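# Descriptive structure summary
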Amino acid sequence: MKKKNSIMGMAFFGPALVLLTIFLFLPMVLTFGFSFTDYFALNPELTHFVGLENYINIFRDDLFVQSFLNTVKFVVIIVPLQCGGALLLALAINKAAHCKKYFKVAFFVPVVMSLAVVSTLWMQIYSPEGILNTLLSHFGISAQPFIHSASQALPSIAIMSVWQGVGYQMIIFLGGLQNINPALYEAAEMDHATGWQKFRDITLPELKPLCVFVFITVTIGAFRMLVQPMVMTGGGPDHSTYTIVYDIYETGTVNWEMGLASTMAIVFTVFVVILTIIQNVLTRDKEGRKHVNKKAKAD
Amino acid sequence: MLTKKQKRINWILVAVLLALSVFFLFPVIWMLANSFKPDAAITADMNSIAAFIPPALNGNFFENYVSIITDTNFLRYMVNTLLYAAILIVLSIIVNGLAGYALAKINFPFRDQWLMIIIMLLIVPTETVITIHFLIIAKAGLLNTIVGYILPLIVNPFNIYLFRQVFVSLPDDVYEAAQLDFCGPVKYFFTMVLPMSKTVVATVSVFTFLNVWNDYLWPSLVFTSSDLLTAQIGLNSITSNENTTMGQTLAVITLVTIPVIIIYSLFSKQIVEGVTSTGSKEG
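Residues numbered from 1 in each chain as written. Chains lettered and ligands numbered in written order. Predicted model: local features only at pLDDT ≥ 70, side-chain atom pairs only at ≥ 80, totals over all residues.

A word on the overall build of chain B. Each helix and strand in chain B was counted, giving 15 helices and 0 strands. For chain B, whose C-alpha radius of gyration is 24 Å, the value lies well above the compact-globule estimate of 19 Å for 283 residues. In terms of overall dimensions, chain B has C-alpha extents of about 75 × 70 × 35 Å along its principal axes. Residue burial in chain B is summarised as follows: out of 283 residues, 38% are buried. (Helix = DSSP H or I, 4+ residues; strand = E, 2+ residues; numbered from the N terminus. Rg over C-alpha atoms; globule rule 2.2 N^0.38 Å. Buried ≥ 20, exposed ≤ 12 C-beta atoms within 10 Å, placed from the backbone.)

Structure (structure tokens):
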């Protein structure tokens, strides 16, 4: 029986395992290994072990440092707008007594569109004689260059990205709001709690784990920014919208410098893994505290 | 019942949300309305409310759409993508489903360790390995082939985990009864397990379709030959062509979005449940 199980187990798990090995385990090992070499894919015979040189060099490389800072700027603009916007929308729609279904669909529409579609659409919206500049001119605002200027391109793409993504997190928050036990609010009403008190003492604490989840997933999402600048600006003007993943992609697949690209990929992965661990610790901590509270009450 | 004051607040809230939703959707409304216009009309309408209103229905109403379908390879890109999605849906249900079943129900050596590894793999972002995927596929001489595009996308730790979570709650006694009937384990998987788990099969299919349809980076790396392009890459090659008009650009991006809208409206319940459950489960 035991033998039969191990044969059957491997027969079922085998196909996945083969593919996992070729397309996940092997690439992870190779990325890590290449990051300590000057592996140049067009001339692999000349590969040397260079130790930590790549890790030092990428942070001396102006372009990588800029792409890193740009990525941080994307995160700093996108995260508060998208998380805050999604929470406010969810709270308002949850409270509204009419047209709920329409609001949910309306704010979710951009989520349905692909990154390439949204980027192409907004290239038209942001064009110098485009609809946005025309609308702004009615408010007496002069024409803006948007994605065609080094100072406005990054915020323009960030705001477009928030526009596209905010509906997704809104749906997550709406799910969370509907899961809050109504008895909590009824009890609070008996104590004559004000709306603000109910929000501060019931809604926010109940939504806290979800807020952590949304905050981290949006941060990771912004950290992975690539397709929008690739389609809209090609990383420009003056590399002002060049991001870490863009740099990994160009270094590895355009210049074939797999050693350097692997080093950047490792640095990128470390950041993403740290963020994921923070999320797990924060949410687990909450459950742990709940458990302790329960225990304390029981004692 | 709402008090008078609450009613008034509600109406203000609804009015604000309505205004906000119109403002929020202006790019989409503009896209739809102007995809039916020639460029001269798009520019002429820009300054008035007509910018958000489709033109009167006449013989040229669908001109942009017709020219995109007849003058470019766009329809072919759409069909390509549907084909890739169909192949990947079948393969990913088989490969990830079998693996999920093994992790849920078969007591093979190191099963719990494998499950731990699968869960840990969920953290690894695709960007970490995509350059190596490109290297492997290039070295294998599979660039510009459908096989080269599909191979790295079949196995997916998230889908394995999803299948495993559903299969683990299937009753064991059905399996024992099936064994008495000399029903082979593989036959049992396809004739009993999968049909009993229609929801997870639907979820994996929908998300696989959306991934294939919307993916940009991987197909742009693998495909350079114009015959094999996916809709997203084809869209980019059409819109970056100088001869493509603004109206045609808007028509292309509308066309690319239509299949996704159909999928979302057919499976909105599963998708929203999927979205909200990832939130509550992880959070």
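Still more to cover.
Each helix and strand counted, chain A has 12 helices and 0 strands in total. In chain A, the succession of helices and strands from N to C terminus is α-α-α-α-α-α-α-α-α-α-α-α. Relative to a compact globule of 299 residues, whose C-alpha radius of gyration would be 19 Å, chain A shows 24 Å and is clearly more extended. On the principal axes, the C-alpha backbone points of chain A span a range of 80 × 75 × 35 Å.

The next thing to look at is unusual backbone geometry. Residue and element names in this part refer to chain A. Phi is positive for Asp238, close to 55 degrees, though the residue is something other than glycine. In this fold, Asp238 is placed in the loop between helix 10 (227–232) and helix 11 (244–254). We classify Asp238 as exposed; it has 12 C-beta atoms within 10 Å. You will see that His239, though not glycine, has its phi angle at about 60 degrees, which is positive. With respect to the helices and strands, the residue His239 is situated in the loop between helix 10 and helix 11. By the C-beta count within 10 Å, which is 19 here, His239 ends up partly exposed.

So, about the nonpolar core. Ranked by internal contacts, the top residues of the largest apolar core, which has 143 residues, are Ala16(A), Ala86(A), Met170(A), Phe173(A), Met264(A), Ala99(B) and Val252(B). The element that contributes the greatest number of residues to this core is helix 7 (residues 153–178) of chain A, accounting for 14 residues. Aside from chain neighbours lying at most four places away, what touches Ala99(B) is Phe12(A), Phe13(A), Ala16(A) and Ile160(B). (Core = buried A, V, L, I, M, F, W, Y, C linked by C-beta atoms within 7 Å. Contact = placed C-beta atoms within 7 Å.)

All names here are of chain A. Between helix 4 (residues 100–112) and helix 7, whose axes approach to 7 Å, the crossing angle comes to 120 degrees. Regarding the angle of helix 4 to helix 7, the classification is oblique. The crossing of helix 4 and helix 7 is left-handed. Taking contact as the criterion, the partners of Phe107, Phe108, Pro110 and Val111 in helix 4 are, on helix 7, Trp163, Gln164, Gly165, Val166, Gly167, Tyr168, Met170 and Ile171. Classifying every residue of the contact of helix 4 with helix 7 by side-chain character gives 9 nonpolar, 3 polar and no charged. (Axes fitted to C-alpha atoms, helices over the stretch in contact; angles between N-to-C directions. Parallel < 35°, antiparallel > 145°, perpendicular 65-115°, else oblique. Left-handed = near helix turned anticlockwise from the far one by under 90°. Nonpolar A, V, L, I, M, F, W, Y, C, P; charged D, E, K, R; others polar.)

What follows concerns the interface of chain A and chain B. Every contact between the two is made by 69 residues of chain A and, on the other side, 67 residues of chain B. For the side of chain A that touches chain B, the element with the most residues is helix 1 (residues 2–34) of chain A, which contributes 17 residues. Grouping the constituent residues of the side of chain A that touches chain B by class yields 50 nonpolar, 17 polar and 2 charged.

What follows is about the environment of Ser92(B). Tracing the backbone shows Ser92(B) in helix 5 (residues 74–105). A count of 25 C-beta atoms within 10 Å places Ser92(B) in the buried class.

Residue and element names in this part refer to chain A. The first and last C-alpha atoms of helix 7 sit 38 Å apart over 26 residues, in line with the 38 Å expected at 1.5 Å per residue. Maximal helix bending in helix 7 amounts to about 40 degrees, located at Gly165. Helix 7 sits mainly inside the fold: 21 of its 26 residues count as buried. (Expected span 1.5 Å × (residues − 1). Bend = angle between axes of the 7 residues up to and from the residue.)

Looking now at the packing of helix 4 of chain A against helix 1 (residues 4–24) of chain B. Where helix 4 of chain A meets helix 1 of chain B, the axes come as close as 9 Å, and the angle between the chain directions of the two elements is 25 degrees. What the angle tells us is that helix 4 of chain A and helix 1 of chain B run roughly parallel. Of the two elements, helix 4 of chain A crosses helix 1 of chain B, and the hand of that crossing is left-handed. Of helix 1 of chain B, the residues touching helix 4 of chain A (which contributes Phe103(A), Ala106(A) and Phe107(A)) are Leu17(B), Ser21(B) and Phe24(B).

Right, let's talk about the environment of Leu19(A) for a bit. Relative to the elements of secondary structure, Leu19(A) occurs in helix 1. For Leu19(A), a count of 20 C-beta atoms within 10 Å corresponds to the buried category. In sequence terms Leu19(A) and Phe107(A) are 88 residues apart; their C-alpha atoms lie 38 Å from each other. Beyond its immediate sequence surroundings of up to four residues, Leu19(A) is in contact with Val95(B), Ile154(B) and Val155(B).

A word on the confidence of the model for chain B. Residues and elements named next belong to chain B. Per-residue pLDDT for chain B averages 86, and the proportion of residues at 70 or more is 92%. Mean pLDDT per element in chain B: helix 10 (residues 172–180) is the minimum at 66, and helix 8 (residues 146–150) is the maximum at 95. Taken together, the stretch residues 279–283 has pLDDT below 50 and engages in 14 contacts with residues farther than four places along the chain or on a different chain. Predicted complex metrics record ipTM = 0.87 and pTM = 0.87. (pLDDT = per-residue confidence, 0-100.)

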